[in-house]
Amino acid sequence: MKSFTAFVALALASVSFAAPSTRARRYPQKVAKRCTGTITSLSDVESAQKCDTVVIESFTIDAGETFTLKPADGATVTLNGDLTFGYKEWDGPLMIVEGNDITFDGGGHTLNGQGEQYWDGQGQNGGKTKPSPMLRINHDGGSFSDVEVLNSPARAVAIGGDGIVVSKITVDDSAGDASNDDSDGEAAGHNTDGFDISADSVTVENSVVKNQDDCLAINRGTNITFQNNKCSGGHGISIGSIGSDTEVSNVQITGNTVSDSQQCFRIKTKAAATGSKVSGVTYTDNTASGCERWGVLITQSYPASLGAAGTGVIISDVTFSGTNTVSVGDDADRVDVNCGSKSSCTGTWDFSGLTVTGGKKGSIKNATISGGSF
Ligand SMILES: *[C@@H]1O[C@H](CO)[C@@H](O)[C@H](O)[C@H]1NC(C)=O
Ligand SMILES: CC(=O)N[C@H]1CO[C@H](CO)[C@@H](O)[C@@H]1O
């Protein structure tokens, strides 16, 4: 516990000291009053968020309302009970946190999205309108920790804040693995992404995701670390899908465990995308098992998994270092790389830290890879 605490403190220090100096301020300065503001309903938010300490007691958020919290700079926010979000078909989000250098400590309490009332196997492709994401972490600087995000109607946690550490979050949508009366025999939960990241200098660590879509999807950003997390039941750890004019760079995927997922590690770029770049993605010391269709899939043909690949997203410096051990199901491909050309998947990718067993050999198209056993 001691070394864990020291480690988190170190990570916090390096992220929150390095980041603010380089980023433009999105939120105006808001000087905190020295007081404790207590929130027991949405009508308390306006006055409570002027204080340097904000305490949220257990309550139910009215259906169709977003719980928007914009605390003063440097404020500490603590959850002192569970929050439940009323059921209504609408776009959401259900909760959003904004501001500068906010410390949000959930104290292990639960945010309950009541997804079971929305799930119909269709996610955001049809059926009921589902509020999404459930939680938007948008503050710049500081941290967000120790919360259970239970039964998200669709996407669970979207991170849009720069320079933050997100830790000890459990996204539990495992109840959506079962079918229900509306889901036609399919898993009722759908499009239940665990973490979507569109931000710079973000660390997500020591968290758990049980869901039916990507555990992590990095859509945009630089200096992103995803470490010591556990993913199960969904679509694994993903970069993308990357569209046009987007950049993802310097991503560290370290010490994670992925199990029982459609694919375990994936980079997906849209076939039609132009003007984009994915560079510097390093996988270190991850473990995966029960990868049902792919151990590793890197493809430039999204939405097709292995279709006609585009060349408008330049992928470079993909590395497996340390020891990444992946075991795949009987019907799975161990590794497929599907690039449009060697100028869109550039350089030599060092896969020497990757061992994949089980299933069938995949194919490497238009990419140069050294090392590894797969
Ligand atoms: C990303 O990290 C590099 C190296 O530490 C640093 O120079 C750069 O400013 C960072 N970028 C952002 C947007 O924080
Ligand atoms: C531009 C290029 O190198 N294209 C090649 C991509 O891979 C396919 C299948 O291996 C080849 O047929 C193309 O020539």
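Residues numbered from 1 in each chain as written. Chains lettered and ligands numbered in written order. Predicted model: local features only at pLDDT ≥ 70, side-chain atom pairs only at ≥ 80, totals over all residues. Heavy atoms only, no water.

### Notes on the pairing of strand β11 (residues 140-150)
Then step 1. Of all eleven residues making up β11, eight are buried, and the element is well covered by its neighbours.
Then step 2. In the sheet, strand β8 (residues 100-105) pairs with β11 via five bridges, with the strands oriented parallel. Bridging from a neighbouring strand, T103 pairs with S143 of β11.
Then step 3. Pairing geometry for strand β9 (residues 110-112) and β11, over three bridges, is parallel. Each bridged residue has a counterpart across the sheet, and for N112 the counterpart in β11 is L150.
Then step 4. Relative to strand β13 (residues 164-172), β11 runs parallel, the two being bridged by eight bridges. Across the sheet, V147 pairs through a bridge with I169, a residue of β13. (Buried < 20%, exposed > 50% of the residue type's maximum accessible area, 1.4 Å probe, protein only. Helix = DSSP H or I, 4+ residues; strand = E, 2+ residues; numbered from the N terminus. Pairing = 2+ DSSP bridges.)

### Details of the nonpolar core
Then step 1. One finds I56 and F67 to be the most contacted residues of the largest nonpolar core, which totals 81 residues.
Then step 2. Shared between two domains, this core holds at least three residues of each, these being domain 1 (35-202) and domain 2 (214-374).
Then step 3. If near-sequence neighbours (up to four positions away) are discounted, I56 is found in contact with I39, F67, L69, V77, T78, L79, N80, G81, L83 and F104. (Core = buried A, V, L, I, M, F, W, Y, C linked by side-chain atoms within 4.5 Å. Domains from an automatic or database assignment. Contact = heavy atoms within 4.5 Å.)

### Describing the domain arrangement of the protein chain
Then step 1. Domain parsing of the protein chain yields domain 1 (35-202) and domain 2 (214-374).
Then step 2. Here the C-alpha centroids of domain 1 and domain 2 sit 28 Å apart.
Then step 3. Between domain 1 and domain 2, the contact holds eleven residues from the first and 13 residues from the second.
Then step 4. Between domain 1 and domain 2, a total of about 970 Å² is buried, with carbon and sulfur atoms accounting for 39% of that surface. (Buried area = accessible area lost by both parts, 1.4 Å probe.)

### Brief notes about the site of ligand 2
Then step 1. With respect to spatial proximity, the complete set of residues near ligand 2 consists of G340, S341, K365 and N366.
Then step 2. N366 is positioned such that a nitrogen or oxygen atom in its side chain is 2.6 Å from an oxygen atom of ligand 2.
Then step 3. Considered on its own, ligand 2 offers 360 Å² of accessible surface; in the complex 35% of this is hidden by protein.
Then step 4. In the shell around ligand 2, the residues fall into no nonpolar, three polar and one charged. (Near = heavy atom within 4 Å. Polar contact = N/O pair within 3.5 Å; in protein donor to acceptor, adjacent residues only side chain to side chain. Areas by Shrake-Rupley, 256 points an atom, 1.4 Å probe, with all protein chains shown as cover. Nonpolar A, V, L, I, M, F, W, Y, C, P; charged D, E, K, R; others polar.)

### Here we look at the layout of surface pockets
Then step 1. Approximately 200 Å³ is the volume found for the second largest pocket.
Then step 2. Forming the walls of the second largest pocket are 14 residues, and the residues nearest its centre are A187, Q212, G233, H235 and Q262.
Then step 3. Sort the elements by how many residues they give to the lining of the second largest pocket and strand β21 (residues 257-270) lands first, with three residues.
Then step 4. Split into classes, the residues belonging to the lining of the second largest pocket amount to one nonpolar, nine polar and four charged. (1 Å grid on protein atoms, 1.4 Å probe; cavity = no way out; pocket = protein on both sides within 12 Å on 5 of 7 lines; lining within 4 Å. Points joined across faces, edges and corners; volume = space filled by probe spheres on them.)

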